[in-house]
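# Observations on the three-dimensional arrangement
Below, each chain spelled out in residue letters.
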Amino acid sequence: MRHIISILIENESGALSRVAGLFSARGYNIESLTVAPTEDPSLSRMTLVTRGNDEIIEQITKQLNKLIDVVKLIDLAESEHIERELMLVKIKTTLESREEVRSMVDIFRGKIIDVTPSSYVVEMTGHSSKLDAFIHGCAADSIIEVVRSGPTGISRGEKGLHL
(Lines give C-alpha, C1' and ligand atoms only; values in the text may rest on other atoms or scores of the structure.)
Protein backbone atom coordinates (compact mmCIF):
# COMPACT_ATOMS: atom_id res chain seq x y z
CA MET A 1 0.00 0.00 0.00
CA ARG A 2 1.19 3.52 -0.79
CA HIS A 3 1.77 5.87 2.14
CA ILE A 4 2.39 9.61 2.19
CA ILE A 5 4.43 10.46 5.27
CA SER A 6 4.65 14.13 6.25
CA ILE A 7 7.50 15.08 8.54
CA LEU A 8 8.28 18.29 10.39
CA ILE A 9 12.06 18.37 10.46
CA GLU A 10 14.62 20.85 11.72
CA ASN A 11 15.80 23.06 8.88
CA GLU A 12 19.49 22.14 9.19
CA SER A 13 22.10 20.78 6.84
CA GLY A 14 22.28 17.01 6.77
CA ALA A 15 18.69 16.40 7.89
CA LEU A 16 17.56 15.25 4.45
CA SER A 17 20.62 13.05 4.13
CA ARG A 18 19.86 11.31 7.45
CA VAL A 19 16.29 10.53 6.37
CA ALA A 20 17.40 9.22 2.98
CA GLY A 21 20.15 7.22 4.68
CA LEU A 22 17.65 5.58 7.00
CA PHE A 23 15.64 4.37 4.00
CA SER A 24 18.61 3.14 2.00
CA ALA A 25 20.22 1.37 4.99
CA ARG A 26 17.06 -0.69 5.49
CA GLY A 27 16.38 -1.32 1.81
CA TYR A 28 13.19 0.77 1.69
CA ASN A 29 12.37 2.75 -1.43
CA ILE A 30 11.34 6.41 -1.54
CA GLU A 31 9.01 6.93 -4.52
CA SER A 32 9.01 10.70 -4.21
CA LEU A 33 10.36 13.30 -1.84
CA THR A 34 9.66 17.01 -1.45
CA VAL A 35 11.06 19.38 1.14
CA ALA A 36 10.28 23.04 1.73
CA PRO A 37 10.46 25.53 4.61
CA THR A 38 7.34 26.07 6.72
CA GLU A 39 5.98 29.29 8.20
CA ASP A 40 8.57 28.70 10.96
CA PRO A 41 12.00 29.26 9.35
CA SER A 42 13.62 26.77 11.75
CA LEU A 43 11.43 23.91 10.42
CA SER A 44 10.92 22.28 7.04
CA ARG A 45 8.11 20.01 5.96
CA MET A 46 9.24 16.88 4.21
CA THR A 47 6.70 14.80 2.32
CA LEU A 48 7.79 11.37 1.20
CA VAL A 49 5.91 8.64 -0.58
CA THR A 50 6.76 5.00 0.01
CA ARG A 51 5.10 1.63 -0.27
CA GLY A 52 4.80 -1.16 2.26
CA ASN A 53 2.48 -3.15 4.46
CA ASP A 54 1.43 -1.87 7.88
CA GLU A 55 4.34 -3.62 9.59
CA ILE A 56 6.95 -2.01 7.32
CA ILE A 57 5.37 1.46 7.60
CA GLU A 58 5.24 1.14 11.40
CA GLN A 59 8.95 0.25 11.39
CA ILE A 60 9.73 3.21 9.12
CA THR A 61 7.83 5.69 11.32
CA LYS A 62 9.47 4.37 14.49
CA GLN A 63 12.92 4.72 12.93
CA LEU A 64 12.12 8.22 11.62
CA ASN A 65 10.93 9.30 15.08
CA LYS A 66 14.31 8.25 16.50
CA LEU A 67 16.16 10.71 14.24
CA ILE A 68 17.19 13.78 16.21
CA ASP A 69 16.15 16.19 13.40
CA VAL A 70 12.57 14.84 13.22
CA VAL A 71 10.20 16.98 15.29
CA LYS A 72 6.89 15.29 14.38
CA LEU A 73 5.45 13.09 11.65
CA ILE A 74 2.14 11.73 10.42
CA ASP A 75 1.15 9.07 7.91
CA LEU A 76 -1.54 10.74 5.81
CA ALA A 77 -2.88 7.34 4.72
CA GLU A 78 -4.23 6.86 8.25
CA SER A 79 -6.84 9.61 7.93
CA GLU A 80 -8.79 11.62 5.38
CA HIS A 81 -6.46 13.86 3.43
CA ILE A 82 -6.09 15.89 0.28
CA GLU A 83 -3.24 15.10 -2.06
CA ARG A 84 -2.00 16.80 -5.18
CA GLU A 85 0.90 16.47 -7.56
CA LEU A 86 2.37 19.02 -9.94
CA MET A 87 3.40 18.02 -13.46
CA LEU A 88 5.09 19.98 -16.23
CA VAL A 89 4.97 18.27 -19.61
CA LYS A 90 6.54 19.46 -22.86
CA ILE A 91 4.52 18.33 -25.88
CA LYS A 92 5.66 18.44 -29.50
CA THR A 93 3.04 20.20 -31.62
CA THR A 94 2.33 20.90 -35.26
CA LEU A 95 -0.16 23.30 -36.78
CA GLU A 96 -2.55 20.36 -37.15
CA SER A 97 -2.18 19.03 -33.58
CA ARG A 98 -2.27 22.31 -31.61
CA GLU A 99 -6.06 22.51 -31.31
CA GLU A 100 -6.32 18.88 -30.20
CA VAL A 101 -3.64 19.39 -27.53
CA ARG A 102 -5.33 22.62 -26.34
CA SER A 103 -8.64 20.81 -26.07
CA MET A 104 -7.15 17.98 -24.03
CA VAL A 105 -5.39 20.45 -21.72
CA ASP A 106 -8.76 22.17 -21.13
CA ILE A 107 -10.53 18.86 -20.42
CA PHE A 108 -7.91 18.02 -17.76
CA ARG A 109 -7.99 21.60 -16.40
CA GLY A 110 -4.34 22.22 -17.12
CA LYS A 111 -2.63 25.39 -18.31
CA ILE A 112 -0.41 25.98 -21.29
CA ILE A 113 2.40 28.05 -19.79
CA ASP A 114 4.85 28.21 -22.70
CA VAL A 115 4.33 28.22 -26.45
CA THR A 116 6.97 27.87 -29.14
CA PRO A 117 6.47 27.19 -32.86
CA SER A 118 6.99 23.46 -32.24
CA SER A 119 5.89 22.78 -28.64
CA TYR A 120 3.68 23.58 -25.66
CA VAL A 121 4.66 23.31 -22.00
CA VAL A 122 1.64 22.28 -19.94
CA GLU A 123 1.24 22.73 -16.19
CA MET A 124 -1.17 20.40 -14.45
CA THR A 125 -2.01 19.62 -10.84
CA GLY A 126 -4.20 16.95 -9.35
CA HIS A 127 -4.23 13.41 -8.11
CA SER A 128 -1.50 11.22 -9.61
CA SER A 129 -4.09 9.16 -11.49
CA LYS A 130 -5.32 12.29 -13.30
CA LEU A 131 -1.79 13.15 -14.41
CA ASP A 132 -1.23 9.56 -15.54
CA ALA A 133 -4.46 9.70 -17.56
CA PHE A 134 -3.34 12.90 -19.29
CA ILE A 135 0.00 11.33 -20.24
CA HIS A 136 -1.73 8.20 -21.58
CA GLY A 137 -4.13 10.41 -23.57
CA CYS A 138 -1.27 12.11 -25.40
CA ALA A 139 0.19 10.59 -28.53
CA ALA A 140 3.25 8.60 -27.42
CA ASP A 141 5.58 10.31 -29.88
CA SER A 142 4.40 13.80 -28.91
CA ILE A 143 5.82 13.89 -25.37
CA ILE A 144 9.27 15.48 -25.25
CA GLU A 145 9.75 15.69 -21.48
CA VAL A 146 7.81 15.14 -18.24
CA VAL A 147 8.67 16.57 -14.81
CA ARG A 148 6.59 15.56 -11.79
CA SER A 149 6.82 16.68 -8.18
CA GLY A 150 5.43 13.52 -6.65
CA PRO A 151 2.37 13.66 -4.40
CA THR A 152 2.16 16.04 -1.48
CA GLY A 153 -0.72 16.20 0.94
CA ILE A 154 -2.44 17.71 3.93
CA SER A 155 -4.90 16.30 6.47
CA ARG A 156 -8.53 17.33 6.24
CA GLY A 157 -10.26 19.17 9.06
CA GLU A 158 -8.73 20.28 12.36
CA LYS A 159 -6.01 17.61 12.48
CA GLY A 160 -2.65 18.76 11.17
CA LEU A 161 1.09 18.54 11.38
CA HIS A 162 2.11 21.41 13.63
CA LEU A 163 3.74 21.97 17.01
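Residues numbered from 1 in each chain as written. Predicted model: local features only at pLDDT ≥ 70, side-chain atom pairs only at ≥ 80, totals over all residues. Heavy atoms only, no water.

### Some thoughts on the overall build of the protein
- What the protein contains, in helices and strands, is 4 helices and 9 strands.
- Its helices and strands in sequence order give the protein the pattern β-α-β-β-α-β-β-α-β-β-α-β-β, from N to C terminus.
- C-alpha atoms of the protein, sized along the principal axes, occupy 55 × 35 × 30 Å.
- Relative to its full complement of 163 residues, the protein shows a buried share of 39%.
- In the protein, of all internal contacts separated by at least 6 residues, the share reaching a separation of at least 24 is 73%.
- Counting 19 positive and 24 negative side-chain charges, the protein places the centres of these two groups 0 Å from one another. (Helix = DSSP H or I, 4+ residues; strand = E, 2+ residues; numbered from the N terminus. Buried < 20%, exposed > 50% of the residue type's maximum accessible area, 1.4 Å probe, protein only. Contact = heavy atoms within 4.5 Å. Lys, Arg positive; Asp, Glu negative; His and termini not counted. Charge placed at Lys NZ, Arg CZ, Asp CG, Glu CD.)

### A short note on helix α4 (residues 128-137)
- Buried within α4 we find Ser128, Leu131, Phe134 and Ile135. Seen from one end, α4 has its buried residues packed into an arc of 125°, which puts them on one side.
- Considering only its buried residues, α4 is in contact with β1 (2-10), β5 (81-92), α3 (98-107), β7 (119-126) and β8 (143-148). (Arc of directions from axis to C-beta.)

### Considering helix α1 (residues 15-26)
- Across its 12 residues, α1 extends 17 Å between first and last C-alpha, which sits within 8% of the 16 Å expected from 1.5 Å per residue.
- If you check which residues of α1 are buried, you get Ala15, Val19, Leu22 and Phe23. Taken down its axis, α1 places every buried residue within 90° of arc, on the same side. Residues Ser17, Ser24 and Ala25 are exposed on α1 and point more than 90 degrees away from its buried face.
- Considering only its buried residues, α1 is in contact with β1, β3 (43-51) and α2 (54-66). (Expected span 1.5 Å × (residues − 1).)

### Looking at the layout of surface pockets
- There is about 240 Å³ of room inside the largest pocket.
- Breaking the lining of the largest pocket down by element, the ones donating at least two residues are β5, α3 and α4.
- Among the elements that make up the lining of the largest pocket, the one with the highest residue count is α3 (3 residues).
- Each residue belonging to the lining of the largest pocket can be placed in one class, and the counts come to 6 nonpolar, 5 polar and 3 charged. (1 Å grid on protein atoms, 1.4 Å probe; cavity = no way out; pocket = protein on both sides within 12 Å on 5 of 7 lines; lining within 4 Å. Points joined across faces, edges and corners; volume = space filled by probe spheres on them. Nonpolar A, V, L, I, M, F, W, Y, C, P; charged D, E, K, R; others polar.)

### Focus: the packing of aromatic side chains
- Counting across every chain of the model gives 2 aromatic pairs.
- Taking 5.4 Å as the distance between ring centres and 80° as the angle between the ring planes, the aromatic pair formed by Phe108 and Phe134 counts as edge-to-face. Of this pair, Phe108 sits in the loop between α3 and β6 (111-116) while Phe134 is found in helix α4, placing the two residues 26 residues apart along the sequence. (Phe/Tyr/Trp six-rings, centres within 6.5 Å; stacked < 30°, edge-to-face > 60°.)

### Remarks on the side chain of Asp75
- By the secondary structure assignment, Asp75 is in strand β4 (residues 70-75).
- Buried charge without a salt bridge: Asp75, with Arg2 as the nearest opposite-charge side chain at an N-O distance of 9.1 Å.
- Reaching out from Asp75, the side chain makes a polar contact with the side chain of His3 at a distance of 2.7 Å.
- Discounting chain neighbours no more than four positions away, the residues touching Asp75 are His3, Ile4, Ile5 and Ile57. (Salt bridge = Lys/Arg side-chain N within 4 Å of Asp/Glu carboxyl O. Polar contact = N/O pair within 3.5 Å; in protein donor to acceptor, adjacent residues only side chain to side chain.)

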